[in-house]
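A look at the structure
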Amino acid sequence: MLHPDCRTLKLIVVTHGASQQPRFASMAIFRNALSRSLPELDSGPQGQPILVQKQDSKEEWSPKMEGSSPKTKVYKRRWLIVSLFCLYSMSNAYQWIHLNIIANIITKYYNASLPEDRFQRETTVDWLSMIYMLAYIPLIFPSTFLLNKKGLRVCALAGAFLNALGAWLKVACVSQDRFAVLMFAQTICAIAQIFILGLPAKIAAVWFGPNEVSTATSLGVFGNQVGVAIGFLVPPILVPNSDSLDEIGNDLSIMFYAGAGYMTLLFILVIIIFKERPPHPPSKAQMLALQNVHEEHYGRSLLNLFKNIGFDLLTITYGVNTGCYYAISTLLNPIILEYYPGHEESAGQIGLTIVIAGVGGSIAAGIWLDKTRTYKGTTLGIYFLSMAGMVAFTFTLDIKILWVVFLCAGALGFFMTGYLPVGFEFAAEITYPESEGTSSGLLNASAQFFGIILTIGCRAMINKVGTLGSNLLISGTLLVGTICTGFIAADYRRQEAGKEILEQMDNALEIEISEKYTEKSRMADAENDNRI
């Protein structure tokens, strides 16, 4: 096998006939094949580009390939970029759940502008969370198209602006008859997430080296999860339950103003700091892809993904697992309060435990995949453990020992949230060479769809049967998802493509050396003949 340090040697094209002379070719002949088929160009499959976008000619990475080694470089600024992304992704995720973790207080305060029927009233409040899921489904396709065409900076600016706008609109809804305004503001925040959730993989590919891609993607997920954690922890502290609606209104006003100020600051920082890409690409594979970029047919890419049976199964199973997580997060307040009345802060702390454990799970899963590349086994194992964690959480709620509930909630979060980056990487592996942006967008859309279905179903179960029935529904759904995951073929296309192209390069190098040796022998024989 060719040593990685030797892969910049001149390549040749092998002709069909054995008697024909091999023809030396420039790197340009191989650029298209390499950009789509050489994930191991830089120390592993993660070196290949996550998304390919059309570049303006004046900004394109275009170092000369002939006669010199291509220049690649990773910049310290990459950590500033991913940190800034984590902060505003965190703020958007905070806005997703910060109202539903105090759902009983929101219902009390806005009761005058909510439906009279109990189920309809509670479901209307649940929609403050589910609107994030609903908005994502139709808007993911145009947002992915925009990401491919306009790039990172435009999408980052759009997401940060809408996030701040929604936060300021919430400031105007602190009145008992303005639930509709609150829902509109939450809808704006939900649209903002469309320009956030798809960025981690793109940022990792454009800014990070080949051995950092999975870790950088996990860090992107990390920011989102920390935002959910803060959304669980802070609102019950800032807005405690009270018999006085005026006190609740004042507390809500403080929370909304603080959020709006912080998110405005983040928007300004994105304008100043966030860049489209570094001056030089972080890996050879990323540079080769951008040098040979073509218009990608988005519809054809979608069709190819839908024809992939393994990806279809993964889309369903990923949606089920993540949808269960969304349902638990949305309904955590009523789930905990049924067993522990008056423990709003405990409900938030349990949510915090789920998320913090999940952050560790996400990072651990990303590092594990970078080292082992065991996508199918890791996905199946984490799925099964997520189901086991949910079963344990379900049957420990009734024993009325809070520390046990916290422990089981942590185990549930570690595996259920740790599944997120694993699902993305498994999809990238079995759908190669389709764009990871498109596949991850479909996975997220499936998660939102199942999140809505499971949240409404669990709310109905809570009202009709109780929390136990709701939790058993989620446990059974995860069991079905685990079984379906077992049927997904371990079709590691990305790894196989890298092996094939490296074998071709090895063969080409051997022929080149052989031809040089033959030519030298021929010249030596001719020289001897002349002497004779």
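Everything in this summary refers to the structure shown in the same document.

Regarding a nonpolar patch on the surface
Taken together, the side chains of Val391, Phe395, Leu468 and Leu472 present a nonpolar region at the surface, about 340 Å² in accessible area. Elements that contribute at least two residues to the nonpolar patch include exactly helix H14 (375–396) and helix H17 (467–485). By secondary structure assignment, the location of Leu468 is in helix H17.

Re the environment of Met130
Note that Met130 resides in helix H4 (residues 118–150). The exposure class assigned to Met130 is buried, which follows from its relative accessible area of 0%. C-alpha of Met130 to C-alpha of Ala327: the two residues are 197 residues apart in sequence and 9.0 Å apart in space.

Side note on the nonpolar core
By size, the foremost hydrophobic cluster in this structure holds 97 residues, and its most contacted members are Ile106, Tyr110, Phe179, Leu252, Ile336 and Phe393. Here the element with the most residues in this core is helix H12 (residues 309–339); it accounts for 14 residues. If we skip the residues at most four places from it in the chain, Phe179 touches Ile106, Tyr110, Ser113, Leu114, Thr124, Val125 and Leu128. Core analysis: the next-biggest nonpolar cluster, separate from the first, contains 31 residues, Leu84, Ile140, Ile194 and Ile203 among them.

Comments concerning the side chain of Asp126
Within the secondary structure, Asp126 is located in helix H4. Accessibility expressed as a relative area gives 1% for Asp126, which makes it buried.

Quick notes on the packing of aromatic side chains
Overall, the coordinates contain eleven aromatic pairs when judged by the stated rule. Seen from their ring centres, Trp96 and Tyr326 are 5.6 Å apart, and the 70° between their planes marks the pair as edge-to-face. You can see Trp96 sitting in helix H2 (residues 77–97) and its partner Tyr326 sitting in helix H12, a full 230 residues away along the chain. Grouping residues by exposure puts Trp96 and Tyr326 together as buried. Centre to centre, the rings of Trp168 and Tyr257 are 6.3 Å apart; their planes meet at 85°, and the pair counts as edge-to-face.

As for the pattern of salt bridges
Pairs can form between side chains of opposite charge whenever their charged atoms are close. Taken as a whole and assessed by the stated rule, the structure comprises three salt bridges. The salt bridge partner of Arg118 is Glu122, with a shortest N-O separation of 3.2 Å. With Arg118 and Glu122 both in helix H4 and four residues apart, the pair spans about one turn of that helix. Exposure remark for Arg118: the relative accessible area of 46% places this residue in the partly exposed category. For Arg459, the salt bridge identified is with Glu122, shortest N-O distance 3.1 Å. You can see Arg459 sitting in helix H16 (residues 436–464) and its partner Glu122 sitting in helix H4, a full 337 residues away along the chain. Both residues of the pair, Arg459 and Glu122, count as buried. A network of salt bridges, in which partner residues are shared, links Arg118, Glu122, Asp126 and Arg459.

Conventions adopted
- Residues numbered from 1 in each chain as written.
- Predicted model: local features only at pLDDT ≥ 70, side-chain atom pairs only at ≥ 80, totals over all residues.
- Heavy atoms only, no water.
- Patch = residues over 30% accessible without salt bridge, like charges linked within 9 Å, V, L, I, M, F, W, Y side chains within 5 Å.
- Areas by Shrake-Rupley, 256 points an atom, 1.4 Å probe, with all protein chains shown as cover.
- Salt bridge = Lys/Arg side-chain N within 4 Å of Asp/Glu carboxyl O.
- Helix = DSSP H or I, 4+ residues; strand = E, 2+ residues; numbered from the N terminus.
- Buried < 20%, exposed > 50% of the residue type's maximum accessible area, 1.4 Å probe, protein only.
- Core = buried A, V, L, I, M, F, W, Y, C linked by side-chain atoms within 4.5 Å.
- Contact = heavy atoms within 4.5 Å.
- Phe/Tyr/Trp six-rings, centres within 6.5 Å; stacked < 30°, edge-to-face > 60°.

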